[in-house]
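Residue-level structure breakdown
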Amino acid sequence: DIQMTQAPSSLPASLGDRVTITCRASQDIGNYLRWFQQKPGKSPRLMIYGATNLAAGVPSRFSGSRSGSDYSLTISSLESEDMADYYCLQSKESPLTFGSGTKLEIK
Amino acid sequence: QVQLQQSGAELVKPGTSVKLSCKASGYTFTSNHMNWIKQTTGQGLEWIGIINPGSGGTSYNVKFKGKATLTVDKSSSTAFMQLSSLTPEDSAVYYCARGGGEQGFAYWGQGTLVTVSS
């Protein structure tokens with residue numbers, strides 16, 4: 001199975017900060033990488049698909065990038081509504097696998 | 001608008017089975033695969049498998065083979081997942097999520113909480 005190593009597991013940050021979450025793939029996944037946001041008691045929300053493409057309705061302060069086997073989700077200026085858990089997902093190969101998650105919280 | 005409506009919470013006894021449902025609306029049910037995902041506090045998110053509603057064809061995560069069985073009823077645009085031989089480790093929130101290229105995983109059900117306890 002492809003392992004998605006996500007870091008950090010917890011990220012304290014202040015409003016207005018630029019924050020970056022990273023997933024490293026254990027094998028080549030091309031751009032078959034999605035990012036999700038999940039708030040307590042809610043279903044995951046698709047934020048980024050194809051590693052770099054913003055999903056519909058997602059604010060432009062969110063962006064996705066790739067450098068080799070490292071995939072990043074960046075929030076350019078943190079807002080209070082961004083406090084949530086974030087997960088990556090690779091869909092290159094079955095079984096699909098998720099990262100372990102990052103809890104973004106107010107410092 | 002696309003909606004996936006999942007069945008309500010279940011409290012079930014160890015060793016029994018449970019069948020969860022995911023009713024789709026707002027699109028042609030047979031045009032998109034349906035994924036099922038398990039979420040626990042300890043294990044995070046795990047992909048269980050996928051079903052093609054048009055053909056009934058399935059693909060499972062090996063970890064869930066023998067545990068989960070995916071089916072559909074095209075007449076009611078509903079996907080089902082049966083979980084068998086339940087143990088406390090099967091206690092989780094289970095989601096359905098629509099597949100389909102770039103828009104895959106853009107639509108999720110609200111989740112069904114399954115609690116396995118005697």
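Look up a bit, the structure's there.
The notes below deal with the structure included here. Everything numeric in this text was worked out from a predicted model, so none of it was measured.

**Overview of the overall build of chain A**
Across its full length, chain A holds zero helices and 11 strands. Written out in order from the N terminus, the α and β elements of chain A read β-β-β-β-β-β-β-β-β-β-β. Projected onto its principal axes, the C-alpha coordinates of chain A cover approximately 35 × 25 × 25 Å. The buried share of chain A, taken over its 107 residues, is 49%. Within chain A, counting contacts between residues at least 6 apart in sequence, those at least 24 apart form 55% of the total. Only carbon and sulfur atoms are counted for the fraction: they give 44% of the accessible area of chain A, which is about 5,000 Å². Looking at charge distribution, chain A has the averaged site of its 11 positive side-chain charges lying 3 Å from that of its 10 negative ones.

**Points about the side chain of K67 of chain B**
Residue and element names in this part refer to chain B. Turning to its location among the elements, K67 is positioned in the loop between β6 (58-60) and β7 (68-73). For K67, the side chain forms a polar contact with the main-chain oxygen of S84, separated by 2.9 Å. Within polar-contact distance, the side chain of K67 engages the side chain of D90 at 2.8 Å. Non-local contacts of K67, meaning those with residues more than four positions away in its chain, are made with Q82, L83, S84, S85, L86, T87 and D90.

**Here we look at the state of the cysteines**
Here is the idea: a disulfide is a covalent bond, and it sits between the sulfur atoms of two cysteines. Inspection of every chain in the model, using the stated rule, returns two disulfides over all chains. Sulfur-sulfur distance for the disulfide between C23 of chain A and C88 of chain A comes to 1.9 Å. Of note, the bridge from C23 of chain A to C88 of chain A carries an S-S torsion of about -90° and is left-handed in sense. Placement of C23 of chain A in strand β3 (residues 19-25) and of C88 of chain A in strand β9 (residues 85-90) is noted, with a sequence separation of 65 residues between them. Looking at C23 of chain A, the relative accessible area reads 0%, which means it is buried. Each sulfur in the disulfide pair C22 of chain B and C96 of chain B lies 2.1 Å from the other. The chirality of the disulfide connecting C22 of chain B with C96 of chain B is right-handed, given an S-S dihedral of about 80°.

**A few points about the sheet that holds strand β3 (residues 18-25) of chain B**
Residues and elements named next belong to chain B. Spatially, four strands are ordered β1-β3-β8-β7 in an open sheet, and the strand pairing comes out antiparallel. Lying at the two open borders of the sheet, with one neighbouring strand each, are β1 (3-6) and β7. Across this sheet, the average inter-strand angle for adjacent strands is 20°, counted without regard to direction. In the sheet, β3 pairs with strand β8 (residues 78-83) via six bridges, with the strands oriented antiparallel. Residue C22 lies in a different strand from β8, and its bridge partner there is A79.

**Quick word on the nonpolar core**
Residues W35 and L104 of chain A together with I37 and F105 of chain B are the most contacted members of the largest nonpolar core, which totals 41 residues. For this core, the secondary-structure elements that each account for two or more residues are β2 (10-13), β3, β4 (33-38), β5 (45-49), β8 (70-75) and β9 of chain A together with β5 (44-51) and β9 (92-98) of chain B. The next biggest cluster of nonpolar side chains, apart from the first, holds 26 residues, and it includes V2, M34, L70 and A79 of chain B.

**Thoughts on the sheet that holds β3 of chain A**
All names here are of chain A. Spatially, four strands are ordered β1-β3-β8-β7 in an open sheet, and the strand pairing comes out antiparallel. Looking at the sheet topology across the chains shown, the edges are occupied by β1 (4-7) and β7 (62-67). Neighbour-to-neighbour, the strand axes of the sheet open up by a mean angle of 20°, direction not taken into account. The pairing of β7 with β8 spans six bridges and is antiparallel. Residue pairing across strands places S63 opposite T74, the latter belonging to β8.

Criteria and thresholds
- Residues numbered from 1 in each chain as written.
- Chains lettered and ligands numbered in written order.
- Predicted model: local features only at pLDDT ≥ 70, side-chain atom pairs only at ≥ 80, totals over all residues.
- Heavy atoms only, no water.
- Helix = DSSP H or I, 4+ residues; strand = E, 2+ residues; numbered from the N terminus.
- Buried < 20%, exposed > 50% of the residue type's maximum accessible area, 1.4 Å probe, protein only.
- Contact = heavy atoms within 4.5 Å.
- Areas by Shrake-Rupley, 256 points an atom, 1.4 Å probe, with all protein chains shown as cover.
- Lys, Arg positive; Asp, Glu negative; His and termini not counted.
- Charge placed at Lys NZ, Arg CZ, Asp CG, Glu CD.
- Polar contact = N/O pair within 3.5 Å; in protein donor to acceptor, adjacent residues only side chain to side chain.
- Disulfide = S-S within 2.5 Å.
- Pairing = 2+ DSSP bridges.
- Axes fitted to C-alpha atoms, helices over the stretch in contact; angles between N-to-C directions.
- Core = buried A, V, L, I, M, F, W, Y, C linked by side-chain atoms within 4.5 Å.

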